Amino acid sequence: MANSDDGIIFNIQGYCIHDGPGIRTSVFLKGCPLRCLWCQNPESHSFHPELLFVEEKCTGCGTCIQVCPEKAIRMRGRSSRTDQQLCRGAGLCAEACPSGARNLIGRRTTADDVFKEVAADSLFYHESGGGVTLSGGEPLAQLEFAAAILRKCRDAGFHTALDTCGYASWTTAKEVLRYASLVLFDFKHMNPEMHRRYTGVSNELILQNAEKIHHEMSVPMRARVTLVPGFNDSRENLEATAEFIAGRLSNAIPVHLLPYHRLGETKWQGLGRKHETASIEVPGERQLEMCSRIFESFGLSVIMGG
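Every value quoted in this text rests on a predicted model; they were computed, and no experiment measured them.

(A) Layout of the packing of aromatic side chains. For the structure shown, the criterion picks out nine aromatic pairs. Considering the side-chain rings of Tyr 125 and Phe 158, the 5.1 Å spacing of their centres and the 70° angle between planes classify their relative orientation as edge-to-face. Of this pair, Tyr 125 sits in helix α4 (residues 122-128) while Phe 158 sits in the loop between α5 (143-155) and β9 (159-164), placing them 33 residues apart in sequence. Directly above the ring of Tyr 179 sits Arg 151, whose terminal nitrogen or CZ lies 5.9 Å from the centroid.

(B) Here's a closer look at a nonpolar patch on the surface. Side chains of Tyr 15, Ile 17 and Phe 124 sit close together on the surface and give an oily, nonpolar patch of about 340 Å² of accessible area. Tracing the backbone shows Tyr 15 in strand β1 (residues 6-16). For Tyr 15, a relative accessible area of 55% puts it in the exposed group.

(C) Spotlight on empty space enclosed by the protein. Applying the stated criterion across every chain, the model contains three cavities of 30 Å³ or more. In this structure, the largest cavity encloses a volume near 110 Å³. Forming the boundary of the largest cavity are 16 residues, of which Cys 68, Cys 87, Ala 90, Gly 91 and Cys 93 lie nearest the centre. Going through the elements one at a time, α2 (92-96) and β6 (102-105) are the ones with two or more residues in the lining of the largest cavity. Residue composition of the lining of the largest cavity, by class: 10 nonpolar, three polar and three charged.

(D) Structural detail: the sheet that holds strand β8 (residues 131-135). Pairing is mixed in the open sheet, where nine strands are placed in the order β7-β1-β2-β8-β9-β10-β11-β12-β13. Two strands lie at the open edges of the sheet, namely β7 (107-110) and β13 (302-304), each paired on one side alone. On average, adjacent strands in this sheet sit at an angle of 30° to one another, irrespective of strand direction. Looking at chain direction, β8 and β9 are connected through four bridges and run parallel. The residue of β9 that forms the bridge with Gly 131 is His 159. Contacts from helix α3 (residues 111-119) reach β1, β2 (24-29), β7 and β8 within the one sheet, and its direction differs from that of β7 by about 85°.

Criteria and thresholds
Residues numbered from 1 in each chain as written. Predicted model: local features only at pLDDT ≥ 70, side-chain atom pairs only at ≥ 80, totals over all residues. Heavy atoms only, no water. Phe/Tyr/Trp six-rings, centres within 6.5 Å; stacked < 30°, edge-to-face > 60°. Helix = DSSP H or I, 4+ residues; strand = E, 2+ residues; numbered from the N terminus. Lys NZ or Arg CZ within 6 Å of the ring centre and 35° of its normal. Patch = residues over 30% accessible without salt bridge, like charges linked within 9 Å, V, L, I, M, F, W, Y side chains within 5 Å. Areas by Shrake-Rupley, 256 points an atom, 1.4 Å probe, with all protein chains shown as cover. Salt bridge = Lys/Arg side-chain N within 4 Å of Asp/Glu carboxyl O. Buried < 20%, exposed > 50% of the residue type's maximum accessible area, 1.4 Å probe, protein only. 1 Å grid on protein atoms, 1.4 Å probe; cavity = no way out; pocket = protein on both sides within 12 Å on 5 of 7 lines; lining within 4 Å. Points joined across faces, edges and corners; volume = space filled by probe spheres on them. Nonpolar A, V, L, I, M, F, W, Y, C, P; charged D, E, K, R; others polar. Pairing = 2+ DSSP bridges. Axes fitted to C-alpha atoms, helices over the stretch in contact; angles between N-to-C directions. Contact = heavy atoms within 4.5 Å.

The analysis is restricted to geometry; functional conclusions fall outside its scope.
In structure tokens, the structure reads:
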């Protein structure tokens, strides 16, 4: 995707309280270089608009079939179905659907327009110590767009946060981080081969960037660890994660433990994709307490959620 001051987003969510300090507006940029097997936002993967279909809402009226320019929609029983290989994301079916069963995820916009939208909540930011958070997808995958949004927000006096997996060239990361007041850094897995198996990429670049962010740019950081049973919740991996944060970064960095949830599974279905890990169990309270104690044993403060 070409770098520019315009880009593609899939949501702007106001009144967020878990994406940094205070009351915030989170801007979700579309497109991600990782393919985490447990991803709870699969609609964030592609850099292009995508159709999300909610079968329960479909009345089988056939309106979508009539307006689709690619002839990608057919009836199957009493519900419509889209051939994803033919669909080009024009969105005419979503506009015409009378029941709201079809939704186009992703829209192109400009940094100016994003800023105008988030600035409408500036009163909340000033009163709560909040601000604007860029999330995704992966914001670093849209370099100039992400940098332009953060720059405009910072110039307006808003606290700015970047939620990132850290997978980008250091040149790219440094350019965006110039305008970030805080980094929310996601740690997936510490073993390079396991990281590649579960996310599609190795973690060497990610860990290098984490160290550079902390030591070279001194941007305040919060570590985020999504606990996914059977994938990254082993004692060995959790201890390795805690050791890296406390030893290679700083034990003053707070660790947010985010328990895996299953709310994203219907999105995989709605996008017409197979969810490889639909059988993952949600971690229980005892398991979360055990994970928390591991991080605390390395002198790290732990926050559950957020």
